[in-house]
Amino acid sequence: MNTHKKLQAVLFDVDGTLADTEQDGHRIAFNAAFQQFGLEWNWDVDLYGELLQVTGGKERIRHYMENYAPSMLGKNNVQAWIADLHKTKTKYFESLMEAGKMPLRPGVARLIHELRQQQIKLAIATTTTMENVTALLTSTLGEESIDWFDIIGAGDIVSHKKPAPDIYHWVLDQLNLSARNCIAIEDSENGLKSALAADLSVLITVSGYTHRQNFSGAAAVLSDLGEPAQPFTHIAGLTNHDQWVNTDFLHRLIDR
Ligand code: XBP
Ligand code: MG
């Protein structure tokens, strides 16, 4: 009997994995929304790194208020106010993406094209808002790229965000595939925990804010997906003499 696992789908995280969106994308958009709302809040690079422990923009704003502006929690309809503030933030983020200043990380476009050619399904499992996914994909790979993904699981589609496994369970369910035939590509400890709890193999490509996090349990930890002219740096886990991630490498990761 052939017990080899066949790779049937790759589930991509978005923020930090497809592009390094946090410091120069989301953070800027949050601060612009704060300014528009007349708030004197400013999330600098270090503070934002701490706040990233809380996934989800609305959840992050509430967490910030609990710790830095608790009196504002007494506002009328605070939940609706946060939702409004976050909507404004999303508009700013979309404009930043439309301005085209956020490149995909090394190897991302190459790997996506290769997987498509090999008829391996593509999916997205992210905490970020759907509009942000659309804006990033459109500005980097073109409008039609949204349709390259069989399933996009984003934002509030599940009630418990990463590190809970809900988003990965939801995407696997929609794909109608078993976790054993899929791999998740993530950049953060929260993302790793979420994917592992859904029984997935996980490849980590570390990002600006996450490179010091704990990635035990990952099948491999790399600097990025690498390109033939720009090899990745191996950090932990499975290695061979690979210099960039391709379909064959992903197959070996799930078949360890
Ligand atoms: C991303 C997030 C998101 C973004 C902001 O985590 O946690 O909240 O920071 O986007 P992951 P929103 O990469 O694990 O998906 O403001 O739309 O939530
Ligand atoms: Mg991420």
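What comes next is a walk through the structure. Just so you know, these numbers come straight off a predicted model, no measurement behind them.

Cut-offs used in this document
- Residues numbered from 1 in each chain as written.
- Chains lettered and ligands numbered in written order.
- Predicted model: local features only at pLDDT ≥ 70, side-chain atom pairs only at ≥ 80, totals over all residues.
- Heavy atoms only, no water.
- Helix = DSSP H or I, 4+ residues; strand = E, 2+ residues; numbered from the N terminus.
- Rg over C-alpha atoms; globule rule 2.2 N^0.38 Å.
- Buried < 20%, exposed > 50% of the residue type's maximum accessible area, 1.4 Å probe, protein only.
- Contact = heavy atoms within 4.5 Å.
- Areas by Shrake-Rupley, 256 points an atom, 1.4 Å probe, with all protein chains shown as cover.
- Lys, Arg positive; Asp, Glu negative; His and termini not counted.
- Charge placed at Lys NZ, Arg CZ, Asp CG, Glu CD.
- Pairing = 2+ DSSP bridges.
- Right-handed = clockwise from strand over helix to strand, strands pointing away.
- Core = buried A, V, L, I, M, F, W, Y, C linked by side-chain atoms within 4.5 Å.

1. Notes on the overall build of the chain
The helix and strand tally for the chain stands at 9 helices and 7 strands. Its C-alpha atoms give the chain a radius of gyration of 18 Å, near enough to 18 Å, the size a compact globule of 256 residues would have. Its C-alpha atoms give the chain principal-axis dimensions of about 65 × 35 × 35 Å. Counting over 256 residues, the chain shows a buried share of 54%. A fraction of 63% describes how many contacts in the chain between residues 6 or more apart in sequence connect residues 24 or more apart. As displayed, the chain has an accessible area near 12000 Å², and 46% of this comes from carbon and sulfur atoms. With 22 positive and 32 negative side-chain charges, the chain shows a separation of 2 Å between the mean positions of the two kinds.

2. Structural notes on the pairing of strand S2 (residues 121-125)
Across the 5 residues that make up S2, a large majority, 4, are buried. Of the strand pairs in this sheet, strand S1 (residues 9-12) and S2 are connected by 4 bridges, and their pairing is parallel. Within S2, the residue paired with Val10 across the bridge is Leu122. Pairing geometry for S2 and strand S3 (residues 151-153), over 3 bridges, is parallel. Across the sheet, residue Ile124 finds its bridge partner in S3, namely Ile152. This β-α-β element, S2 to helix H6 (residues 130-141) to S3, shows right-handed connectivity.

3. Quick word on the nonpolar core
Of all hydrophobic cores here, the largest spans 41 residues; its most connected members are Phe12, Leu203 and Leu250. Listed by contribution, the elements that provide at least two residues to this core are S1, helix H4 (78-98), helix H5 (108-117), S2, H6, strand S4 (182-186), strand S6 (220-222) and helix H9 (247-254). When neighbours within four sequence positions are excluded, Leu203 is seen to be in contact with Ile183, Ala184, Ile185, Glu186, Ala220, Leu222, Leu225, Val245, Leu250 and Leu253. Core analysis: the next-biggest nonpolar cluster, separate from the first, contains 25 residues, Ala9, Leu11, Ala184 and Ala218 among them.

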